[in-house]
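Breakdown of the fold
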Amino acid sequence: MPLASIASLLTASAVRERANRLLELGITGKLDHFAVELDRLPAVADYVIETARESYPDLDIPFHSRWRHFEAGQIDRFGGLVDAAGITDPLVFGRAAFDLAIVSVLLDAGAGPDWRYREAATGETFSRSEGLGVASFAMFASGLFSQDPADPLRADAAALAVLEARELAEGFQATPENPMVGLEGRAKLLNALGRVVADRADLFGAGEARPGGLFDTVLASADEDGRVSAPKILELVLEAFGPIWPSRLLRDGVALGDSWEHRKLVTDDATSGLMPFHKLSQWLTYSLIEPLLWTGVEVVDLDGLTGLPEYRNGGLYLDLGVLVPKDPSATKRRWKAEDEFIVEWRALTVALLDRTAQLIRDKLGLDAEALPLAKVLEGGTWSAGRRIAREKRADGGPPLAIESDGTVF
């Protein structure tokens with residue numbers, strides 16, 4: 001088969017099409033691992049709306065992205081940093097915002113249940129995603145990712161390539177008494193990012209060699225009316241950062257990243273049996289959209305991206321009974337990302353998020369422009385997944401135990 005057949009899996013449309021194919025099989029009872037109880041979906045929509053109204057009574061919901069974690073405690077940290085630095089040039093602003101978002105998303109693997117970060121400026125203590133966001137923001141603001149002391153608010157290939165785990169440990173305040181998992185893995189991921197940025201001047205810029213150079217590349221992808229497509233941003237993200245992920249499926253010379261095997265996805269071409277997700281790449285894409293909007297760029301086809309198949313969204317459907325494991329002992333096992341049970345769960349989550357979003361819009365009398373998927377996730381299914389987990393389990397953890405290398409969930 002031609003290379004394009006495999007390369008087509010590096011798109012959001014492939015994620016959506018294949019997820020819906022598995023959902024249709026689930027609805028007709030033809031999946032091995034899950035039963036799908038669609039009659040419980042309206043209750044999920046109601047629960048999500050109730051959750052959204054608690055945080056956003058007027059339903060003025062922001063996008064689901066890394067920027068929400070930078071705003072933990074309702075503080076506009078990046079805005080304050082930009083003002084203090086006197087940044088007014090949209091290109092300088094955009095590159096800095098891309099530098100921060102890209103590095104921070106790559107540092108966002110699970111920190112473990114015991115880790116905490118105390119922010120010096122506020123005295124507040126944060127954990128989990130918010131803690132990782134605030135800590136990585138502080139490292140960025142300190143100039144840790146820049147080799148130019150005169151220009152600290154940036155990340156560049158040279159600094160990233162030599163960053164050491166001990167420097168991250170210091171930045172994250174990780175100690176034996178405040179343990180963080182995966183510090184070595186995070187450092188290696190940023191080292192790999194530095195190498196890729198240096199190697200791909202066509203994507204990251206020939207002069208400065210920084211992740212934020214992708215801002216210029218995205219702008220160059222705009223149509224004749226100056227509009228940028230969200231799925232096109234994802235394709236650039238997948239091309240740019242594909243080489244840094246751990247090696248998984250390689251087909252026809254194409255590294256497929258967050259793509260896995262499911263035997264029910266039978267096609268008559270080289271993509272048979274493959275289910276792509278690109279969860280972290282899509283979340284990064286959502287996180288790159290806001291800086292574009294802030295600089296006046298119109299981003300179109302937001303819902304061309306998909307919902308994110310991670311344990312908060314997926315847990316919501318398990319905890320509220322839409323997805324029912326056919327093996328009752330499944331919740332007591334420890335799973336790997338490549339297990340077909342997990343692949344099936346993630347795919348069903350993607351497809352159900354679309355249906356949930358439409359149900360919510362119908363109930364609220366809103367359309368996709370007023371309430372895009374990025375807001376449904378934030379308002380939203382992710383928050384509702386976290387909420388139901390706390391109601392169901394003392395530790396607020398997900399309903400399934402999954403081993404992950406930090407680049408999937």
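Just above, that's the structure.
Let us look at the structure shown here. (Residues numbered from 1 in each chain as written. Predicted model: local features only at pLDDT ≥ 70, side-chain atom pairs only at ≥ 80, totals over all residues. Heavy atoms only, no water.)

A closer look at the overall build of the protein
The helix and strand tally for the protein stands at 17 helices and twelve strands. A globule of 409 residues ought to have a C-alpha radius of gyration of about 22 Å, and the protein, at 21 Å, matches this closely. Overall size of the protein, expressed as C-alpha extent along the three principal axes, is 60 × 50 × 45 Å. Burial status across the protein gives 56% buried among its 409 residues. Element-wise, carbon and sulfur atoms account for 51% of the exposed surface of the protein, whose accessible area totals about 16,700 Å². Each charge sign in the protein was given a centre, from 43 positive and 62 negative side chains, and these centres are 6 Å apart. (Helix = DSSP H or I, 4+ residues; strand = E, 2+ residues; numbered from the N terminus. Rg over C-alpha atoms; globule rule 2.2 N^0.38 Å. Buried < 20%, exposed > 50% of the residue type's maximum accessible area, 1.4 Å probe, protein only. Areas by Shrake-Rupley, 256 points an atom, 1.4 Å probe, with all protein chains shown as cover. Lys, Arg positive; Asp, Glu negative; His and termini not counted. Charge placed at Lys NZ, Arg CZ, Asp CG, Glu CD.)

Quick notes on the nonpolar core
The biggest cluster of nonpolar side chains holds 129 residues, and the ones touching the most others in it are Phe145, Phe172, Leu190, Leu214 and Phe241. In terms of residues, this core owes the most to one element, helix 16 (residues 340-364), which gives twelve residues. Among all residues touching phenylalanine 241, those that are not within four sequence positions of it are Ile102, Leu193, Phe204, Leu214 and Leu284. (Core = buried A, V, L, I, M, F, W, Y, C linked by side-chain atoms within 4.5 Å. Contact = heavy atoms within 4.5 Å.)

Notes on unusual backbone geometry
The peptide bond linking glycine 379 to glycine 380 adopts the cis configuration, its omega dihedral lying at -10 degrees. With respect to the secondary-structure elements, glycine 380 resides in helix 17 (residues 373-392). A positive phi angle, close to 50 degrees, is found at arginine 128, a residue other than glycine. Within the fold, arginine 128 resides in helix 7 (residues 128-141). The backbone of alanine 209 shows a phi angle near 50 degrees, a positive value even though the residue is not glycine. Locating alanine 209 in the fold gives a position in the loop between helix 11 (201-204) and helix 12 (214-220).

Brief notes about the environment of leucine 288
Mapping leucine 288 onto the fold places it in helix 14 (residues 279-294). It is 8.3 Å that separates the C-alpha atoms of leucine 288 and serine 65, two residues lying 223 residues apart in sequence.

Topic: the packing of helix 5 (residues 77-85) against helix 7
For the pair helix 5 and helix 7, interaxial distance at closest approach is 11 Å and the crossing angle is 10 degrees. With respect to each other, helix 5 and helix 7 are oriented roughly parallel. Contacts between helix 5 and helix 7 involve Arg77, Phe78 and Leu81 on the former and, on the latter, Val134, Phe137, Phe140 and Ala141. Looking at the contact of helix 5 with helix 7 residue by residue, the classes come out as six nonpolar, no polar and one charged. (Axes fitted to C-alpha atoms, helices over the stretch in contact; angles between N-to-C directions. Parallel < 35°, antiparallel > 145°, perpendicular 65-115°, else oblique. Nonpolar A, V, L, I, M, F, W, Y, C, P; charged D, E, K, R; others polar.)

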